Amino acid sequence: MVLADLGRKINSALADLNKAPVIDEQVLDGMLKDICGALLASDVNVKLVQRLRTNIKAAVNVQEAGAGINKKRLVQKTVMDELCNLVDPGAEPYKPTKGRANVIMMVGLQGAGKTTTCTKLAYHYQRKGWKTALVCSDTFRAGAFDQLKQNATKAKIPYYGSYTETDPVAIAMEGVDKFKAEKFDIIIVDTSGRHKQESELFEEMKQIAAGIEPDSTIFVMDGTIGQAADGQARAFKEAADFGSIIITKMDGHAKGGGAISAVAATQSPIVFIGTGEHLHDLDRFEARPFVRKMLGMGDLSDFVEK
Amino acid sequence: VFGFFKNLTGQREIDAATLEPVLQKMKTHLIDKNVASNISQHLCDSVQSSLLGKKLGTFGSVSTLVKDNMETALKRILTPKTSVDILRDIEQAKARSRAYSITFIGVNGVGKSTNLSKVCFWLLQNNYRVLIAACDTFRSGAVEQLRVHARNLKALQSSHSVGEVELFERGYGKDAAGIAQDAITYANNNDFDVVLIDTAGRMQDNEPLMRSLAKLVAVNNPDKIIFVGEALVGNEAVDQLTKFNQALKDFSGLQNPRHIDGMILTKFDTIDDKVGAALSMTYTTGQPIYFVGTGQTYTDLKNLKVSHVVQSLLKN
Ligand SMILES: Nc1nc2c(ncn2[C@@H]2O[C@H](COP(=O)(O)OP(=O)(O)OP(=O)(O)O)[C@@H](O)[C@H]2O)c(=O)[nH]1
Ligand SMILES: Nc1nc2c(ncn2[C@@H]2O[C@H](COP(=O)(O)OP(=O)(O)OP(=O)(O)O)[C@@H](O)[C@H]2O)c(=O)[nH]1
Ligand SMILES: [Mg+2]
Ligand SMILES: [Mg+2]
């Protein structure tokens with residue numbers, strides 16, 4: 001299961017806390033070492049982990065905590081809060097509205113899973129009764145249009161693209177206009193993969209966005225990404241101002257910590273998780289229940305709400 | 001005279017307590033450079049054991065010593081232990097009138113097909129006749145992607161060069177191992193020098209897909225098995241390589257199963273100085289990085305500069 005390994009390690013660190021007769025500096029440090037080690041091994045950003053450690057230490061401050069306070073409870077609550085903050089930016093994701101065209105633009109690094117996720121997302125909305133269409137504005141990658149076309153055909157979703165047009169802005173606008181005119185509810189626009197080091201590619205992304213004025217931009221991220229996640233996510237946020245994140249390839253062993261770091265870096269929520277190469281391999285994501293599940297805790301209201 | 005010098009240089013012995021904070025910092029530093037965390041730990045442990053009990057001169061600092069020692073270790077891991085001269089191997093096969101085959105394997109979306117095409121470009125420049133075998137029969141557009149590359153590469157061929165490229169494809173849904181086999185036969189019968197076998201991306205935990213990859217390898221026994229991994233990958237690098245190797249071993253049904261012969265490290269242009277994946281991959285396999293992918297065009301294929309990677313890893 002997604003992040004299960006990480007959850008297990010954090011759980012066992014918290015359980016060690018319960019075994020300790022008294023919670024002193026040493027016990028706390030031991031626990032923090034385990035938790036931070038687990039986070040780092042899951043690709044969570046180094047600076048984020050350091051901050052989390054500092055925050056927990058400051059909040060708990062075992063020496064000053066009075067004898068009356070249940071220290072274990074305090075530590076557990078603090079850890080939970082910090083973990084929730086890590087995955088949950090508190091921002092509401094975009095929700096499409098009925099009765100008008102909702103344009104969604106997908107952006108991300110090369111090979112992250114944008115094209116695959118476009119069709120999955122379209123399929124997801126289609127099954128919920130929305131009239132959905134796909135636009136391929138990737139004029140760069142070899143076979144990009146064929147890929148989207150074959151996926152869309154499998155999912156029985158109308159699509160737009162071109163083998164000859166080389167201007168991605170032009171195609172994106174044509175496609176969106178066409179489907180708007182045909183009264184589609186949700187129009188999902190696929191774009192080429194790009195990275196922050198190549199400013200021309202970022203410029204192109206800005207131009208596409210300026211052309212189609214998306215209602216929502218989604219940053220698609222590979223779940224196996226490591227410490228480069230933070231920098232790339234920040235740059236995409238700045239250039240494309242995406243509203244939410246989809247993490248892909250979470251069907252494997254990856255723990256998604258790099259992608260989670262992007263949440264903290266951009267204050268944008270994760271909305272879906274990709275769990276395979278097939279059409280239906282897309283799961284909804286909600287941060288708090290997720291952290292709860294990850295830590296194998298049925299109900300955390302005890303810790304979280306107080 | 002000697003006594004005087006000895007006094008001057010102090011000769012403090014290095015103990016664990018002195019090393020601990022420096023190594024802790026080094027470990028975090030390496031993780032920040034995207035080296036897998038357990039590998040960072042192993043490296044620091046080995047630096048510790050080589051430095052414990054050593055004498056430290058008055059002028060030397062523990063952190064310089066740790067850094068120097070780490071530098072040596074990094075260099076050793078990254079420096080290829082086997083030949084990375086693929087052209088020489090191709091020549092040997094050619095001398096025996098046999099097509100040389102290279103299989104590209106790896107997880108989804110890392111750049112297998114693109115970098116296969118870059119390798120093809122490089123081989124064409126070296127005047128070889130190359131057959132590209134489209135053995136990703138699963139992912140949408142995979143065949144068309146290679147068709148476009150083959151067409152582009154053909155167009156790039158200058159009239160005076162003898163290199164040549166052709167695509168061998170059998171569409172979608174078919175058995176990849178069989179197509180690879182047919183491609184190799186076709187190449188041998190038609191005087192091709194090299195067969196580049198593209199495979200579908202797969203997750204290392206997906207047993208049915210890993211079995212079929214092992215089958216492709218067992219049936220065709222390619223000359224080189226190249227794992228394509230992206231420089232963006234974090235701790236997963238270790239698990240990917242370990243499990244791909246394990247699958248080649250466990251599912252091959254052979255007495256002497258194959259393993260990954262080397263890597264191509266892609267998307268090197270997307271990570272600035274966070275070059276740790278290069279280390280994670282070479283550390284995990286003990287195999288060389290044949291090429292580094294540095295962009296999305298055919299010329300963006302470079303040799304790994306070990307000193308450059310070591311420098312980036314240690315740079316603050
Ligand atoms: N296992 C698995 N594979 C996935 C998932 N999402 C995408 N993929 C695979 O990842 C690879 C890359 O996906 P694409 O959709 O082509 O990625 P992209 O971001 O459009 O790539 P570019 O357009 O080249 O930047 C393909 O092999 C997909 O099948 C997922 O959730 N799980
Ligand atoms: N920036 C950069 N992008 C690269 C590099 N190598 C490949 N890419 C891009 O990465 C994306 C995926 O490349 P592919 O060659 O389709 O990857 P793959 O491993 O064959 O993917 P699947 O067959 O779907 O598993 C494409 O957009 C490529 O242009 C590189 O070295 N640098
Ligand atoms: Mg795409
Ligand atoms: Mg491919």
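For the structure itself, consult the block above.
Cut-offs and rules
Residues numbered from 1 in each chain as written. Chains lettered and ligands numbered in written order. Predicted model: local features only at pLDDT ≥ 70, side-chain atom pairs only at ≥ 80, totals over all residues. Heavy atoms only, no water. Helix = DSSP H or I, 4+ residues; strand = E, 2+ residues; numbered from the N terminus. Rg over C-alpha atoms; globule rule 2.2 N^0.38 Å. Buried < 20%, exposed > 50% of the residue type's maximum accessible area, 1.4 Å probe, protein only. Contact = heavy atoms within 4.5 Å. Areas by Shrake-Rupley, 256 points an atom, 1.4 Å probe, with all protein chains shown as cover. Lys, Arg positive; Asp, Glu negative; His and termini not counted. Charge placed at Lys NZ, Arg CZ, Asp CG, Glu CD. Near = heavy atom within 4 Å. Nonpolar A, V, L, I, M, F, W, Y, C, P; charged D, E, K, R; others polar. Phe/Tyr/Trp six-rings, centres within 6.5 Å; stacked < 30°, edge-to-face > 60°. 1 Å grid on protein atoms, 1.4 Å probe; cavity = no way out; pocket = protein on both sides within 12 Å on 5 of 7 lines; lining within 4 Å. Points joined across faces, edges and corners; volume = space filled by probe spheres on them. Buried area = accessible area lost by both parts, 1.4 Å probe. Salt bridge = Lys/Arg side-chain N within 4 Å of Asp/Glu carboxyl O. Polar contact = N/O pair within 3.5 Å; in protein donor to acceptor, adjacent residues only side chain to side chain.

> Account for the overall build of chain A, naming residues and giving values.
Per the secondary structure count, chain A includes 12 helices and eight strands. Its C-alpha radius of gyration of 22 Å places chain A within 12% of the 19 Å reference for a compact globule of 306 residues. The 306 residues of chain A split such that 57% are buried. Long-range pairs, those at least 24 residues apart, make up 75% of the contacts in chain A with a sequence separation of at least 6. As displayed, chain A offers around 12,700 Å² of accessible surface, 49% of which is attributable to carbon and sulfur atoms. The distance from the centre of the 39 positive side-chain charges to the centre of the 39 negative ones in chain A is 5 Å.

> Describe the site of ligand 2, listing the residues and the values that go with them.
Around ligand 2, the surrounding shell holds 24 residues, and the nearest of these are B:G111, B:K112, B:T114, B:R139 and B:Q296. Nearby residues around ligand 2 are contributed by chains A and B. Within the complex, the protein chains bury 96% of what would otherwise be the 650 Å² of accessible surface of ligand 2. In the shell around ligand 2, the residues fall into one nonpolar, 16 polar and seven charged.

> How would you explain the packing of aromatic side chains if you had to name every residue and give the values?
Going through the model one piece at a time under the given rule, you end up with 12 aromatic pairs over all chains. On the basis of an interplanar angle of 75° and a centroid distance of 5.0 Å, the ring pair of A:F179 and A:F184 is categorised as edge-to-face. In this structure A:F179 comes out as buried when scored by relative accessible area, which is 1%. Relative to B:F244, the ring of B:F227 lies with its centre 5.3 Å away and its plane at 75°, an arrangement referred to as edge-to-face. Residue B:F227 is located in strand β7 (residues 224-230), and its partner B:F244 is located in helix α10 (residues 236-250); the two are separated by 17 residues in the primary sequence.

> Outline the environment of B:S161, supporting the account with residue identities and numerical values.
When you line up the elements, B:S161 lands in the loop between α7 (142-156) and β5 (164-168). Excluding residues within four positions of it along the chain, B:S161 makes contact with B:L124 and B:N127.

> Describe empty space enclosed by the protein, with residues and values.
Taken as a whole and assessed by the stated rule, the structure comprises three cavities of 30 Å³ or more. Roughly 60 Å³ of internal volume is contained in the largest cavity. Taken together, A:L109, A:Q110, A:G111, A:A112, A:F219, A:V220, A:M221, A:D222, A:I225, B:E230, B:L232 and B:K267 make up the full set of residues lining the largest cavity. The element that contributes the greatest number of residues to the lining of the largest cavity is strand β5 (residues 216-222) of chain A, accounting for four residues. Class assignment for the residues of the lining of the largest cavity results in seven nonpolar, two polar and three charged.

> Pulling in residues and values, what's your account of the interface of chain B and chain A?
Interface size is often expressed as the accessible area that is lost when the parts come together. Opposite the 37 residues of chain B that make contact, chain A presents 39 residues. A combined buried area of about 3,100 Å² lies between chain B and chain A, and 52% of that area is made up of carbon and sulfur atoms. For the pair chain B and chain A, the number of links is one salt bridge. B:D272 is the salt-bridge partner of A:K196, the closest N and O atoms lying 2.6 Å from each other. Scanning the region where chain B abuts chain A turns up 23 residue pairs in polar contact (both at pLDDT 80 or more). Looking at the side of chain B that touches chain A residue by residue, the class counts come to nine nonpolar, 16 polar and 12 charged.

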